[in-house]
Amino acid sequence: MDTVIIDGLSFALPLFIMAIGGIYSEKSGITNLALEGFQGFGAFIGALSAILIANAFGTDIQDLFYVALLFAMVGGMVFAIIHAVLCIKFKANQVISGVVINILALALTTFLTTQINSLVFGTASDKFQLGVMERFTISGLADIPVIGAIFTNVYPFEVIIIVIAIFAWYLLYKTKFGMRLRACGENPHSVDAAGVDVAKIRYTAVLISGLLSGLGGMCFAYSISANFSSSIYMGYGFLAIAALIFGNWKIIPTLAACLLFGFAKSGGAFIAQSMALPSSYTDLFMILPYVVTLLLLIFFSKSNRAPKALGEIYDKGKR
Amino acid sequence: MSKDNKNINLRNRLIRLMRKEKWQSISIPLVAIIMSFIAAAIVILLIGKNPLQAFCNLFQGAGILPKPSYAGYKSMLTDFMSLLNAMTPLLFASLAVAVAFRAGLFNIGVAGQMLVSGFFATIIVGYSGLDAIIAKPLVLLIGIIAGGLMGGLVGWLKYKFNINEVVSTIMLNYIAQYIISFFIQMYYINPVSRQSQYISEAARLTLVNVEVGDLKMDIPLGFVLAIITAILIKYVMDKTVVGFDIKAVGSNRNAAKYSGINVGRNTVLAMVISGSLAGLAGVTYYLGYYASIQPKVLSDIGFDSIAVALLGNSHPIGVIFSSSLISIIDQGSTYMSSQAGIRQEISSVIVGLILLFSACGVYMKYKISCMSEKVEERKESKS
């Protein structure tokens, strides 16, 4: 039972931080299907910098996690600039831009990974090996029945994500910047009339979403996949988008959606394992999170409402 | 006339050429393609290779240009037929995305719809031992029905429960992938290849290793059908009431509703059409290009098609051109990588760049109209 909670959380939280990124962008009025691309490119930059530093200074790659995390956030942000410029300056269709960025990220990172591996390290590998991060347990709290599992075998990044998520919540709902950002997605003209630069706020929002996606991607790379390769593009970005639409573009319900994904995923694996079924049966249980989501959406979608100006190109002259 | 004046004249003429609305649907993608090849050339130069040779190899590999030498039973024609074979499912899938996009819907579920149709066609016809005359049309029919039903489900969920089609198609993709993987691994697995058992030759939509003269080539039967379908879709979209209604719903839901168009029905209908096209992509892929299904893998075509449809301006004829371009780059990349010593992955980078530049099409249009206005103004002030 404990493993369900432990594995579920370690999957749900990186997903959650990516979904928050998506919320920021979409609340400001920019459709963001590019989360997957930001995640992948961020993780690529993070992994590359960790590998290079480890190689140059001979440090253990485990200790470089925080450095990698920082670089991943920067990497995701840099890649997000493309989406921001295309959508805001070049007035491109935001859905198109998102899909293109995903494709470009996948192509570019696999190409660069193999190229760098052969040029710098002289190996014909298509991945950067990172290993799984060390976990820790809070001794007193871990003894509480059931809930104790939350404090057992925790990845350090889970703590970081929670802290950043709380800050992101505060920024979005309690500050002037957050209010303006949300207003940009509902009625950009009134924001403009109030003397605030809509484009600037939208740029910031998209960059934040890139930063958070890069963070999420790096966490996946250091836990589930233990390396950086093209296999990091597992559709987690789309799952995060599903979570935020499910959560009605609000941070707390989105957390619930992500936890649902996480626990249904680890729960499915757990049931298959405890019933000692052949491995092919695991596949059947893997559909759990997706089926549950679809069923729940049937009940909850009626009241779902996207930000009003979402996906619309802001044109000052148009009223 | 001074050199400066000449330049301005040239520029004006170029702007006038680009300004023509009729040509913009061609000229803008063309500019995007040229720009991306220039960008790719710079990348290839940076790794110290010759870009011209690389591009030449790319076209040679795809069967557009002749290679210096061929193995027995092979020629440029056989390479070209392989290109068409690979292109067929992509063309169908891109048409699927394009139709949905015209209705304002975003079908990310093409991969799932392909897999479901391919799976049903495989187990019902592929393993049945039916005669080719019956088997081949039946495969197509199953593809249309299975894909159409799945697409229709997405449309119905949207109309009935307001479920965003992006979310439902993503969920259905995963569900299809895992359930079908389960059935393949339980009942239809080939222990050697770790894929589903190969289907019978009679059910296959590509004729493999046919001897024509002294050549052995693969003939994709679906290709002709795909071209006919594209033209048919163009006709339906441009000339019929159904097409008009779908486009009206796509361009403005509320306006369509007020003018008495049944939005719900058209949403479902558009998704049924889109799904059945995806189903055709599925059967031409799993029972044409391949003869088996790999468990737990969704085909890349499902996602590439989104981009290809957008590159083709969601226009059926445009999609024919965009999917051939992307297929040429994909098909040629193996030969390029072996000949020029450039990694195969660069081809996907080129594709990504093409798409990136073409995404700026609206901006280009806007810039051109700005520039041409300026030219007109100057002309007026002179006279």
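None of the values given here were measured: they were computed from a predicted structure.

## Concerning the pairing of strand β4 (residues 215-220) of chain B
Residue and element names in this part refer to chain B.
Moving on, step 1. Sheet topology note: the strand β3 (residues 206-212)/β4 ladder contains five bridges and is antiparallel. For Thr206, the partnering residue across the bridge sits in β4 and is Pro220.
Moving on, step 2. Remark: two residues form the turn of the hairpin made by β3 and β4, two consecutive strands paired antiparallel; Gly213 in that turn has positive phi of roughly 65°.

## Describing the UniProt feature "transmembrane region" (unreviewed entry) in chain B
Residues and elements named next belong to chain B.
Moving on, step 1. Those residues carrying the UniProt feature "transmembrane region" (unreviewed entry) are residues 26-48, 80-101, 108-127, 133-157, 169-189, 219-237, 267-288 and 346-364 in this numbering.
Moving on, step 2. Between the end C-alpha atoms of residues 219-237 there is a gap of 30 Å, over a span that is 84% helix and 11% strand.
Moving on, step 3. Structurally, residues 267-288 comprises 100% helix and 0% strand, and the distance from its first C-alpha atom to its last is 30 Å.

## Considering the state of the cysteines
Moving on, step 1. In the structure shown here, the tally under the stated rule is zero disulfides over all chains.
Moving on, step 2. With no disulfide of its own, B:Cys370 lies 16 Å from the sulfur of B:Cys360, the closest cysteine sulfur.

## Overview of the packing of aromatic side chains
Moving on, step 1. The tally for this structure, following the rule as stated, stands at 30 aromatic pairs over all chains.
Moving on, step 2. Grouped by ring-pair contacts, the aromatic residues A:Tyr281, B:Phe119, B:Phe120, B:Tyr127, B:Phe182, B:Phe183, B:Tyr187 and B:Tyr188 constitute a single cluster.
Moving on, step 3. The ring of A:Phe11 carries the charged tip of A:Lys265 above its face, separated from the ring centre by 4.8 Å.
Moving on, step 4. Here the basic side chain of B:Lys216 rests over the ring of B:Tyr73, its NZ or CZ set 4.9 Å away from the ring centre.

## Quick notes on helix α1 (residues 2-27) of chain A
Residues and elements named next belong to chain A.
Moving on, step 1. Given a rise of 1.5 Å per residue, 26 residues ought to cover 38 Å, and the 36 Å separating the end C-alpha atoms of α1 matches this to within 8%.
Moving on, step 2. Most of α1 sits out of view: 23 of its 26 residues are buried.
Moving on, step 3. Where α1 terminates, the next one or two residues include Gly29, which has phi positive at roughly 100°.

## Side note on a positive patch on the surface
Moving on, step 1. A cluster of basic residues, A:Lys89, B:Arg11, B:Lys367, B:Lys374, B:Arg378 and B:Lys382, forms a positive patch on the protein surface.
Moving on, step 2. Top element by residues in the positive patch is helix α15 (residues 361-382) of chain B. It accounts for four residues.
Moving on, step 3. Tracing the backbone shows B:Lys367 in helix α15.
Moving on, step 4. Residue B:Lys367 is classed as partly exposed on the basis of its relative accessible area of 38%.

## Some remarks on the domain arrangement of chain B
Residue and element names in this part refer to chain B.
Moving on, step 1. Along its sequence, chain B is organised into domain 1 (1-49 + 342-383) and domain 2 (71-332).
Moving on, step 2. Placing a centre on the C-alpha atoms of domain 1 and another on those of domain 2 gives a separation of 33 Å.
Moving on, step 3. Every contact between the two is made by nine residues of domain 1 and, on the other side, seven residues of domain 2.
Moving on, step 4. Taking both sides of the interface into account, the surface hidden between domain 1 and domain 2 amounts to around 700 Å²; carbon and sulfur atoms contribute 83%.
Moving on, step 5. The tally of links from domain 1 across to domain 2 stands at zero salt bridges.
Moving on, step 6. Those elements that provide at least two residues to the side of domain 1 that touches domain 2 are α2 (21-46) and α14 (346-359).
Moving on, step 7. At six residues, α14 tops the list of elements feeding residues into the side of domain 1 that touches domain 2.
Moving on, step 8. Taken together, the residues of the side of domain 1 that touches domain 2 sort by class into six nonpolar, three polar and no charged.

Reading the values: rules and limits
Residues numbered from 1 in each chain as written. Chains lettered and ligands numbered in written order. Predicted model: local features only at pLDDT ≥ 70, side-chain atom pairs only at ≥ 80, totals over all residues. Heavy atoms only, no water. Pairing = 2+ DSSP bridges. Helix = DSSP H or I, 4+ residues; strand = E, 2+ residues; numbered from the N terminus. UniProt positions renumbered as here; feature names shortened; annotations may be inferred. Disulfide = S-S within 2.5 Å. Phe/Tyr/Trp six-rings, centres within 6.5 Å; stacked < 30°, edge-to-face > 60°. Lys NZ or Arg CZ within 6 Å of the ring centre and 35° of its normal. Expected span 1.5 Å × (residues − 1). Buried < 20%, exposed > 50% of the residue type's maximum accessible area, 1.4 Å probe, protein only. Patch = residues over 30% accessible without salt bridge, like charges linked within 9 Å, V, L, I, M, F, W, Y side chains within 5 Å. Areas by Shrake-Rupley, 256 points an atom, 1.4 Å probe, with all protein chains shown as cover. Salt bridge = Lys/Arg side-chain N within 4 Å of Asp/Glu carboxyl O. Lys, Arg positive; Asp, Glu negative; His and termini not counted. Charge placed at Lys NZ, Arg CZ, Asp CG, Glu CD. Domains from an automatic or database assignment. Contact = heavy atoms within 4.5 Å. Buried area = accessible area lost by both parts, 1.4 Å probe. Nonpolar A, V, L, I, M, F, W, Y, C, P; charged D, E, K, R; others polar.

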